[in-house]
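Results of the structural survey
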Amino acid sequence: MKVGVIGGGISGVSLALKLGLLKEQGKDIDITLLEASNRLGGTIDSVHKEGYVIESGTNGFLDSKPFTLEVFEEAGLKSKLVRSNDNARIRYIQRYGALQRLPDAASAFLSSKLLSFGGKMRLAKEFFVPQKKDDSDETLAHFAERRLGREALDYLIGPMVSGVFAGDPDKMSLQSCFPVIYDLEKTYGGLIKGMFKKPKKKSGPAGPGGALTSYEGGMGEAVKDLARAAESKGVKIYTESPAEKVIKKDGRYIVTSSNKEYEFDVLAVCAPAYAGGRFLKELDSDLAETLLSIPYAPMFVAGLGFNSEDIEDDIHGFGYLIPKKENMRILGALFTSSMFPVQAPQGKKFLRIMAGGDTNHELMQKSEDELLKICLEDVTKVLGVKKEPYMVQCFKVMKAIPQYHTGHREKVAKIEEITSKLGNIYIGGNVLYGIGLNDCTKTSKLIAEKIAERL
């Protein structure tokens with residue numbers, strides 16, 4: 001059986017590795033991975049500069065779920081994983097122009113300045129809010145205001161959405177983006193009721209459970225090492241090999257790439273939705289159009305290195321997020337040198353500032369120099385930056401994160417129906433079922449299991 005994987009991000013590489021394990025076990029399978037760019041990783045990249053490890057995208061994954069851990073274990077790379085220290089559990093949200101710690105216990109919540117007294121009382125009333133009866137899709141903003149109140153939406157839910165999805169809560173589908181929260185109301189009647197009744201709670205008020213985990217040299221190095229492990233198991237990987245056209249002939253998929261044709265019995269598409277929508281057009285126009293209808297949010301990331309004395313704040317913790325009502329232009333900042341000291345020179349302070357997102361498309365039309373200036377101005381107001389950074393590394397991606405707007409589940413159902421009729425084609429990556437690393441590796445695991453069943 002010949003299997004083609006299109007897309008060399010973490011999803012495509014982890015899928016290729018799992019298929020390579022089947023080949024290593026003696027299964028009759030031939031695996032080829034095609035990547036459009038000259039490197040693997042997609043939006044994941046790690047730049048090493050002046051002793052810093054600067055991530056272009058995600059800075060890791062949570063070890064509370066098994067999917068990504070399993071991939072590294074299968075590759076023999078688990079010993080190279082780097083867990084964040086306990087500082088990563090300290091998270092802040094900006095309010096009144098200052099950092100307010102996100103409470104990690106009920107007692108801390110009562111004394112917190114994050115919400116007003118009225119906002120806290122409204123939040124407590126969530127216990128008595130009637131359960132939504134119908135199954136219609138609902139925006140995250142509507143859900144949050146209905147159950148928690150406007151202030152909680154503005155200062156808790158909104159910032160969380162910008163931190164995870166760089167998204168707009170007025171557009172995002174609750175069911176598609178946060179199915180666990182949706183299930184709490186559906187199953188238990190509310191969030192507070194669910195927190196008390198749901199077994200094995202792994203999350204708390206300050207954020208999701210599990211330790212944030214990275215990799216020696218950064219997540220970009222992780223993808224490279226996973227790819228080498230896949231190649232050692234017989235997987236053929238080709239970069240600078242963009243898929244230009246896919247058709248089906250005599251039950252096989254014909255992929256045209258750089259004037260060369262590849263024939264596959266099974267095809268797994270782990271490319272971004274906008275790329276898949278282009279090269280799948282001749283295969284099925286409805287599939288292509290549905291993929292192209294999935295919007296993306298732009299992101300600007302500025303990695304900044306400072307001498308310790310050049311920032312007044314001790315930047316102790318995970319970082320902070322900024323509600324829209326604070327009238328800042330950035331989304332927030334991560335305190336990388338606090339979470340992962342090995343990613344910065346000893347005694348230095350290292351920030352990763354994020355700007356853009358689905359609510360700031362106009363901002364992203366500015367040049368990198370203009371965006372960097374905005375980032376510095378906004379963090380200076382809150383953290384007390386006294387001097388220019390001596391190390392700067394910026395990344396600007398106009399289509400960075402897929403957005404699951406209301407109606408996303410209908411798109412997923414349509415894509416599943418089309419691919420089922422076509423047969424032996426799968427859509428992976430972060431396009432349909434979740435944008436986190438664990439979501440991506442889980443989807444790849446499920447695709448590999450389906451292909452293994454055929455073998």
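Structure: see above.
Residues numbered from 1 in each chain as written. Predicted model: local features only at pLDDT ≥ 70, side-chain atom pairs only at ≥ 80, totals over all residues. Heavy atoms only, no water.

Some details on unusual backbone geometry
Its identity as a non-glycine residue notwithstanding, Ala166 has a phi of 55°, on the positive side. Take Ala166: it is sitting in the loop between α6 (150-164) and α7 (174-177). Unlike most non-glycine residues, Glu240 shows phi in positive territory, near 50°. (Helix = DSSP H or I, 4+ residues; strand = E, 2+ residues; numbered from the N terminus.)

Here's the deal with the packing of aromatic side chains
One pair of aromatic rings is described through two measures. These are the centre distance and the angle between the planes. On inspection of all chains with the given rule, the structure shows 11 aromatic pairs. On the numbers, 5.2 Å between centres and 75° between planes, the contact of Phe127 with Phe128 is edge-to-face. Among the residues examined, Phe127 registers a relative accessible area of 37% and is labelled partly exposed. Pairing Phe165 with Phe178 gives two aromatic rings, centres 5.7 Å apart and planes at 65°, and the pair type is edge-to-face. Here Phe178 lies in the loop between α7 and α8 (179-188) and Phe165 lies in the loop between α6 and α7, a separation of 13 residues in the sequence. The class of Phe165 is buried, set by a relative accessible area of 4%. (Phe/Tyr/Trp six-rings, centres within 6.5 Å; stacked < 30°, edge-to-face > 60°. Buried < 20%, exposed > 50% of the residue type's maximum accessible area, 1.4 Å probe, protein only.)

Considering the sheet that holds strand β9 (residues 212-215)
What links the strands of a sheet is backbone hydrogen bonding, and the strands pair in either a parallel or an antiparallel sense. The 3 strands are arranged β5-β9-β6 in an open sheet whose pairing can be described as antiparallel. The sheet is open, and its two edges are formed by β5 (61-62) and β6 (81-83), each paired on a single side. Pairing of β6 with β9 involves 3 bridges; the strand directions are antiparallel. Of the residues in β9, the one forming a bridge with Leu81 is Tyr215. (Pairing = 2+ DSSP bridges.)

Side note on the pattern of salt bridges
Where charged atoms from two side chains of opposite charge come close, those side chains can pair. Taken as a whole and judged by the stated rule, the model has 29 salt bridges. A salt bridge links Asp154 to Lys325, with the nearest nitrogen and oxygen atoms 3.4 Å apart. In this pair, Asp154 is assigned in helix α6 and Lys325 in the loop between β16 (319-321) and β17 (330-335), connecting sequence segments 171 residues apart. Take Asp154: its relative accessible area is 12%, and that puts it in the buried class. Through salt bridges with shared partners, a single network forms among Lys18, Glu70, Glu74, Lys445 and Glu449. (Salt bridge = Lys/Arg side-chain N within 4 Å of Asp/Glu carboxyl O.)

A few points about the nonpolar core
Considering soluble globular proteins, one finds that nonpolar side chains tend to be buried as a cluster. Judged by nonpolar contacts, the single largest core of 41 residues is most densely connected at Val5, Leu15, Leu19, Phe72, Leu226 and Ile451. Elements with a minimum of two residues in this core: β1 (2-6), α1 (10-24), β2 (30-34), α2 (66-74), α10 (219-232), β14 (266-269) and α16 (437-454). Dropping the residues within four chain positions of it, Phe72 is found in contact with Phe61, Leu77, Lys78, Leu81, Tyr215, Ala222 and Leu226. Formed by 40 residues, the second largest nonpolar core is a distinct cluster that contains Ile93, Ile157, Val161 and Phe340. (Core = buried A, V, L, I, M, F, W, Y, C linked by side-chain atoms within 4.5 Å. Contact = heavy atoms within 4.5 Å.)

Points about the state of the cysteines
The final tally for this structure, using the stated rule, is 0 disulfides. Left without a disulfide partner, Cys375 is nearest to the cysteine sulfur of Cys394, which lies 7.2 Å away. Free of any disulfide, Cys440 has its nearest neighbouring cysteine sulfur in Cys270, separated by 8.8 Å. (Disulfide = S-S within 2.5 Å.)

Considering the sheet that holds strand β11 (residues 243-249)
The antiparallel open sheet is built from 3 strands, whose spatial order is β11-β12-β13. Here the strands that pair on one side only, and so sit at the sheet edges, are β11 and β13 (260-264). Ignoring strand direction, the axes of neighbouring strands in this sheet form an average angle of 25°. Alignment of strand β12 (residues 252-257) against β13, held across 5 bridges, turns out to be antiparallel. Bridge pairing links Thr256 to Glu261 in β13. (Axes fitted to C-alpha atoms, helices over the stretch in contact; angles between N-to-C directions.)

Brief notes about the packing of helix α12 (residues 285-292) against helix α15 (residues 408-422)
Contact pair α12 / α15: the axes reach a minimum separation of 10 Å and the direction vectors enclose 150°. It follows that α12 is roughly antiparallel to α15 by the angle criterion. α12 and α15 meet at a crossing whose hand is left-handed. On α15, the residues that touch Asp286, Leu287, Thr290 and Leu291 of α12 are Lys411, Lys414, Ile415, Ile418, Thr419 and Leu422. Looking at the contact of α12 with α15 residue by residue, the classes come out as 5 nonpolar, 2 polar and 3 charged. (Parallel < 35°, antiparallel > 145°, perpendicular 65-115°, else oblique. Left-handed = near helix turned anticlockwise from the far one by under 90°. Nonpolar A, V, L, I, M, F, W, Y, C, P; charged D, E, K, R; others polar.)

Regarding the pairing of strand β8 (residues 98-101)
The side chains of a regular strand alternate, residue by residue, between the two faces of the sheet. Bridge count for strand β7 (residues 91-95) against β8 is 4 bridges, and the pairing is antiparallel. By the bridge assignment, Gln94 is partnered in β8 with Leu99. Linking β7 back to β8 in an antiparallel pair, the connection comprises 2 residues, with Tyr96 at a positive phi of about 60°.

Focus on the side chain of Glu326
Note on placement: Glu326 falls in the loop between β16 and β17. Nearest to the buried, unbridged Glu326 among oppositely charged side chains is Arg95, at 5.3 Å. Polar side-chain contacts of Glu326 include one of 3.3 Å to the side chain of Gln94. Contacts of Glu326, omitting those with residues within four sequence positions, involve Gln94, Arg95, Tyr96, Gly97 and Tyr155. (Lys, Arg positive; Asp, Glu negative; His and termini not counted. Polar contact = N/O pair within 3.5 Å; in protein donor to acceptor, adjacent residues only side chain to side chain.)

Interpretation in functional terms is not warranted from these geometric data alone.
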